[in-house]
Amino acid sequence: MKVTLKIWRQKNSRSKGSFETYPVDDINEEMSFFEMLDMLNESLAKKGEVPIAFDHDCREGICGTCGMFINGRAHGPVGGITTCQLHMRRFNNGDTIVVEPWRAKAFPVICDLIVDRTAFDRIMQAGGYISVDTGGSPDANAIPVSKVNADIAMDGAACIGCGACVATCKNSSAMLFVAAKVSQFSVLPQGQVERKVRAQKMVSMMDAEGFGNCTNTYACEAECPKEISVSHIARLNREFLIANLSG
Amino acid sequence: MNLNSKIPAGPLAEKWTSHKFNMKLVNPSNKRKYTILVVGTGLAGASAASTLAELGYRVEAFSYHESPRRAHSIAAQGGINAAKNYPGDGDSIFRLFYDTIKGGDYRSREANVYRLAEVSNNIIDQCVAQGIPFARDYGGQLDNRSFGGAQVSRTFYARGQTGQQLLLGAYSALIRQMNAGTVKFHARTELQDIVLINGEAKGITVRDLVTGEIRSYAGDAVVLATGGYANVFYLSTNAMASNGSAIYRAYKKGAFFANPCFTQIHPTCIPVASGFQSKLTLMSESLRNDGRIWVPKKKEDTRAPNDIPDEERDYYLERLYPSFGNLVPRDVASRRAKEMCDLGHGVGSTKLAVYLDFTDVINRNGKDWVADKYGNLFDMYKEITGENPYKTPMRIYPAVHYTMGGLWVDYNLMSSIPGLYILGEANFSDHGANRLGASALMQGLADGYFVLPYTIADYLARITPQTINATPSEFQQSEAAVKENIRRILSVNGSQTVDEIHKKLGHIMWENVGMARQKSGLEKAIAEIPNLKREFWADVKVPGSGDALNTELEKAGRLADFLELAELIARDAHMREESCGGHFRVEHQTEENEAQRNDKDFTFVAAWEYSGDDSPPQLHKEELVFENVQLTTRSYK
């Protein structure tokens, strides 16, 4: 099959970017979207042109490194997967495919489709951990955790930090990302000690990094490759409110 | 050069405890005077960096990723072993030790493996305290499952994302220290060189992957936790950027490389579809708990799997190994799959695959039960192949997955360069010739949380901190050499892309140094690889410049090292005239086609010393002494 790609090219964070058009032929529909991009990049490199830079690593949907807007949707047209899991059988011969980086004030473009998501690390730094030093922890089975709570915690912990929620949100809000972590710890006995201060610190860092507010459009849930539910946002709101009310 | 493993004296079970007492300590107020450079922030690196910082050392951590949370440890699916014996099925520290030594085909050190088993329980305690949501039963207790090479359930797991959860745990410990200012993290920064001063590791030179700037950093010790080198085969289950450059460049600076030929081929991966394939995807070993592996009894059978009646299927692992069945170790399962395909029983369009069938467990426990346990893996399989594994058996085939070999380290995890420590997959220490499933996460965290933070003090206490700033010339030389190497790569301006040459290397390696190795093939590889290396330096084309983000340049630098490391792997495989674990020499097999070890001549660690680009590496042998287990032929029947 054959497609036409319109891809955002931007030399570095200071330069102005623009769309470039690349026709790609001889695509096997068993190829992944990235293998199709690899093929294009190989042909560019052969001609001495600089290949399209895009972030990717594990190529099995877990590292959270990849992410791009494809035809106006985060991680492309299929729900519940990352871009690296997208395969060309999802497209039709002759399609025009528009590829852009994540667009958000807090995620400045570094080069082409690569953006800087270190704001996520700084939010985590503000409180996305349980303060426990190595060694001296009690036996792992000493504190029972109900299966229901362990499962809720795991639902939140499944977040891969890819940034699709921010990129797809009209407010560029990081609420789903923050909520997934706050929620994980709020339902575990180990997370109770820092529960209030965690919600406050992570939310205020989110604001400081320039992410927008949540207006309940649920776009984040719809585009999350790990299908993390907005119910975590409800829990974050509750945690944040209780923390502020109880001081 | 004397290879001193520094294994403590005394009974096996007391070695680590007495060693911890005998080692020197650095007093708490002096710790802040020491700077430790940690390269790689996956499980081993992040756990080490955070623990060292908690203890009071100053830590600078480096990763080529944008964030520590992207490291490839994240892709581990199945679980982590520990000798907790929560299910009460007869597990113990000694049994975990024994299974690991046996699984490694008696090519690892007793003392190291015992220590690993001993601290395994601390790891689980630590991870639970960090808020890692391991699977639990309805009473709130931790759940376990089984993995290959063991007859007890000792594997802790978090759905099919155990590596992700453990890495996020280590990441949370690390960012907590970054927040406290005790760890300085350098993102998108790749190691280029190790700086030695008076023969000791005192710094590193790195490249900023965004700006291209070459910088060096001084420290009192250097820790490499940079993972394995499976991508030397081009196609592997490793992430795209995983590479062997850090350890290979340390090797060229004098660190010995141990057992490079011990590479692991994982039996359950999604088969190669065609020539454009960029990487291979693993389907967790945990699937072998409930899936049954089979091939059609009839050769070249083209019927759809569901049209083949049960009596015309060969459940060959259950037939050959009645007591372990589908849960034999990885090397055995891989080799048998290859053998079945070689005999003409392979399935799928390429005939290089066997079936992994879940029909029985779906009939027994229902689709929901299976989805709850393995849902994410089934979804992943479906997205890649376009087939529904709830209805049609999965097609699987072995793929390169892990490297047991790595830089030689002593009991303290220090390499043959003083002050240079190697952790996790990057070292050779604990898995012998074959790693058991769910042991990589265990080893990475054991090294980082519970071993290095103790052992490094023994070195630091003997040196004066911060003496290195006085001698900058070594750093300038290192930076100049790194710049020259980059200039050389960019100036070739040939006609082949980096990937084209890497694919050629992968082909040589898979055909001759892959699952079945023989003398003639290895000699062919030893002859062909240097030619390919020359081809690289004469004909590679890397567009762009060195002073900006340049992914082709990054790949080229890594491939240049793989082209040399590949030859070392082939030489090691050629030297080792026996079959053991993942190293299978066709000339050395039993009548039942099992690996045949030669304990008389090869019960040693092969530690290779670099001796110049134009002369072959020098072999040093560390004899392995077994006082607590008897060397037997591994039997999983």
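Cut-offs applied
- Residues numbered from 1 in each chain as written.
- Chains lettered and ligands numbered in written order.
- Predicted model: local features only at pLDDT ≥ 70, side-chain atom pairs only at ≥ 80, totals over all residues.
- Helix = DSSP H or I, 4+ residues; strand = E, 2+ residues; numbered from the N terminus.
- Contact = placed C-beta atoms within 7 Å.
- Rg over C-alpha atoms; globule rule 2.2 N^0.38 Å.
- Buried ≥ 20, exposed ≤ 12 C-beta atoms within 10 Å, placed from the backbone.
- Pairing = 2+ DSSP bridges.
- Axes fitted to C-alpha atoms, helices over the stretch in contact; angles between N-to-C directions.
- Domains from an automatic or database assignment.
- Nonpolar A, V, L, I, M, F, W, Y, C, P; charged D, E, K, R; others polar.
- Parallel < 35°, antiparallel > 145°, perpendicular 65-115°, else oblique.
- Core = buried A, V, L, I, M, F, W, Y, C linked by C-beta atoms within 7 Å.
- Left-handed = near helix turned anticlockwise from the far one by under 90°.
- Arc of directions from axis to C-beta.

Asker: Explanation requested: the overall build of chain A in the structure shown.
Answerer: When helices and strands are tallied, chain A shows eight helices and seven strands. On the principal axes, the C-alpha backbone points of chain A span a range of 60 × 35 × 35 Å. Considering only intrachain contacts with a sequence separation of at least 6, the fraction spanning at least 24 residues in chain A is 71%.

Asker: When you look at the overall build of chain B in this model, what are you seeing that I'm missing?
Answerer: Looking only at helices and strands, chain B features 17 helices and 19 strands. Since a compact globule built from 637 residues should have a radius of gyration of about 26 Å, the 24 Å found for chain B is in line with a globular shape. The principal-axis extent of the C-alpha atoms belonging to chain B is close to 75 × 60 × 50 Å. Taken across its 637 residues, chain B has 60% of its residues classed as buried. For chain B, restricting intrachain contacts to residue pairs at least 6 apart in sequence, the fraction spanning at least 24 positions comes to 74%.

Asker: Explain the sheet that holds strand 6 (residues 189-197) of chain B to me, please; I cannot follow it from the model alone.
Answerer: Either a parallel or an antiparallel arrangement is found when strands of a sheet pair, and the pairing is made through backbone hydrogen bonds. All names here are of chain B. Here three strands make up an open sheet; going across it, the order is 6-7-8 and the pairing antiparallel. Of all the strands in the sheet, the pair left with one neighbour each is strand 6 and strand 8 (214-218). Adjacent strand axes in the sheet meet at a mean angle of 25° when their direction is disregarded. In this structure, strand 7 (residues 200-208) lies alongside strand 8, joined through five bridges in antiparallel fashion. Bridging across to strand 8, Gly203 finds its partner in Ala218. Each of strand 6, strand 7 and strand 8 touches helix 13 (residues 473-492); the most contacted strand, strand 6, lies at about 140° to it.

Asker: For this particular structure, what's the right way to read the sheet that holds strand 3 (residues 69-70) of chain A?
Answerer: Residues and elements named next belong to chain A. Taken together, five strands build an open sheet; the order of strands is 2-1-5-3-4 and the sheet is mixed. The sheet is open, and its two edges are formed by strand 2 (18-24) and strand 4 (73-74), each paired on a single side. For strand 1 (residues 3-9) and strand 5 (residues 96-100), the ladder comprises four bridges, and the chain directions are parallel. By the bridge assignment, Leu5 is partnered in strand 5 with Ile97.

Asker: Teacher, can you tell me more about the domain arrangement of chain A here?
Answerer: All names here are of chain A. Domain annotation of chain A identifies domain 1 (3-110) and domain 2 (118-246). Across the contact, 18 residues belong to domain 1 and 17 residues belong to domain 2. Across the side of domain 1 that touches domain 2, the residue classes tally to eight nonpolar, seven polar and three charged.

Asker: How should I be thinking about the packing of helix 2 (residues 118-127) of chain A against helix 6 (residues 162-180) of chain B in this particular structure?
Answerer: Angle between the axes and distance between the axes are the two parameters that describe a pair of packed helices. Running from amino to carboxyl end, helix 2 of chain A crosses helix 6 of chain B at an angle of 85°, the nearest separation of the two axes being 8 Å. The pairing of helix 2 of chain A with helix 6 of chain B is recorded here as roughly perpendicular in orientation. Here Asp121, Met124 and Gln125 of chain A of helix 2 of chain A come into contact with helix 6 of chain B, specifically with Ile175, Met178 and Asn179 of chain B.

Asker: Honestly, the nonpolar core in this entry has me stumped. Any pointers?
Answerer: One broad trend across soluble globular proteins is that nonpolar side chains are buried collectively. Among the nonpolar cores identified, the biggest contains 289 residues, and Val166, Leu176 and Val178 of chain A together with Val223 and Leu407 of chain B are the most heavily contacted of them. The residues contacting Val166 of chain A, other than those within four sequence positions of it, are Trp102, Ala104, Ala106, Phe107, Ser172, Ser173, Ala174, Phe177 and Phe211 of chain A.

Asker: What is the right way to look at the pairing of strand 7 of chain B in this model?
Answerer: Regular strands show a simple pattern: their side chains alternate between the two faces of the sheet. Residues and elements named next belong to chain B. Most of strand 7 sits out of view: seven of its nine residues are buried. Relative to strand 7, strand 6 runs antiparallel, the two sharing eight bridges. For Thr189, the partnering residue across the bridge sits in strand 7 and is Asp208. Where strand 6 folds back onto strand 7 in an antiparallel hairpin, the turn is made up of two residues, including Asn198, whose phi is positive at roughly 50°. Where strand 7 folds back onto strand 8 in an antiparallel hairpin, the turn is made up of five residues, including Gly212, whose phi is positive at roughly 80°.

Asker: How do you make sense of the interface of chain B and chain A when you look at a structure like this?
Answerer: Each side of the interface is counted separately: chain B has 61 residues, and chain A has 64 residues. If you list the elements that add at least two residues to the side of chain B that touches chain A, you get helix 3 (43-55), helix 5 (110-129), helix 6, helix 11 (367-385) and helix 16 (551-575) of chain B. No other element matches the nine residues that helix 6 of chain B contributes to the side of chain B that touches chain A. Along the lines of polarity and charge, the residues of the side of chain B that touches chain A split into 26 nonpolar, 21 polar and 14 charged.

Asker: Is there a simple way to think about the pairing of strand 1 of chain A in this case?
Answerer: Across seven bridges, the pairing between strand 1 of chain A and strand 2 of chain A is antiparallel. Paired with Lys6 of chain A across the two strands is Thr21 of chain A, which belongs to strand 2 of chain A.

Asker: What is the right way to look at the environment of Ile7 of chain B in this model?
Answerer: Mapped onto the fold, Ile7 of chain B is located in the segment before helix 1 (15-22). Measuring from C-alpha to C-alpha, the distance between Ile7 of chain B and Arg109 of chain B comes to 9.0 Å, with 102 residues separating the pair along the chain.

Asker: Just checking my understanding: could you explain the packing of helix 15 (residues 519-539) of chain B against helix 16 of chain B for this structure?
Answerer: All names here are of chain B. As a packed pair, helix 15 and helix 16 sit with axes 9 Å apart at the nearest point and diverge in direction by 165°. Taken together, the axes of helix 15 and helix 16 lie roughly antiparallel to each other. Seen from above, helix 15 lies across helix 16 with left-handed handedness. Taking contact as the criterion, the partners of Lys519, Leu522, Glu523, Ala525, Ile526, Ile529, Pro530, Leu532, Lys533 and Phe536 in helix 15 are, on helix 16, Leu559, Ala560, Leu563, Glu564, Ala566, Glu567, Ala570, Arg571, Ala573 and His574. A per-class count over the contact of helix 15 with helix 16 returns 13 nonpolar, one polar and six charged.

Asker: I keep staring at the domain arrangement of chain B and nothing clicks. Help me out?
Answerer: A common way to express how large an interface is: the accessible area buried when the components associate. All names here are of chain B. Split by domain assignment, chain B resolves into domain 1 (16-73 + 161-264 + 403-470), domain 2 (265-401) and domain 3 (473-604). For domain 1 and domain 3, the distance between their C-alpha centres works out to 23 Å. The partner domain 3 presents 34 residues to the 36 residues of domain 1 that form the contact. Every element with two or more residues in the side of domain 1 that touches domain 3 is listed here: strand 6, strand 7, strand 8, helix 7 (245-252) and strand 11 (263-269). At six residues, the largest contribution of residues to the side of domain 1 that touches domain 3 is made by strand 6. Taken together, the residues of the side of domain 1 that touches domain 3 sort by class into 19 nonpolar, 14 polar and three charged.

Asker: Where do I start with the environment of Gln477 of chain B in this structure?
Answerer: Residues and elements named next belong to chain B. By the element assignment, Gln477 lies in helix 13. On the basis of neighbour count, Gln477 is assigned to the partly exposed category, with 14 C-beta atoms found within 10 Å. In the structure, Gln477 is positioned 462 residues away from Lys15 in sequence and 42 Å away in space, judged by C-alpha atoms.

Asker: Any chance you could explain helix 1 of chain B here in plain terms?
Answerer: Residues that lie three or four places apart on an α-helix share one face, since the helix turns once every 3.6 residues. Residues and elements named next belong to chain B. Of the positions making up helix 1, those classed as buried are Lys15, Trp16 and His19. One face of helix 1 carries all of its buried residues, which in axial projection span an arc of 90°. At its buried positions, helix 1 is contacted by helix 5.

Asker: Even after reading the chapter, I still don't get unusual backbone geometry, so can you show me in this structure?
Answerer: Keep in mind that most residues, glycine aside, have a negative phi and that most peptide bonds are trans. Residue and element names in this part refer to chain B. Phi at Ala438 takes a positive value of approximately 70°, unusual for a residue other than glycine. With respect to the helices and strands, the residue Ala438 is situated in the loop between strand 17 (420-422) and helix 12 (440-460). For Ala438, a count of 28 C-beta atoms within 10 Å puts it in the buried group. Positive phi, close to 60°, is recorded for Asn593, a residue that is not glycine. Structurally, the position occupied by Asn593 is in the loop between helix 16 and helix 17 (599-602). For Asn593, a count of 13 C-beta atoms within 10 Å puts it in the partly exposed group.

Asker: Could you clarify how one ought to interpret the environment of Ala46 of chain B in this entry?
Answerer: Residues and elements named next belong to chain B. Along the chain, Ala46 falls in helix 3. Overall, the presence of 36 C-beta atoms within 10 Å leaves Ala46 in the buried class. Each C-alpha atom of the pair Ala46 and Arg462 lies 25 Å from the other, and the pair is 416 residues apart in sequence.

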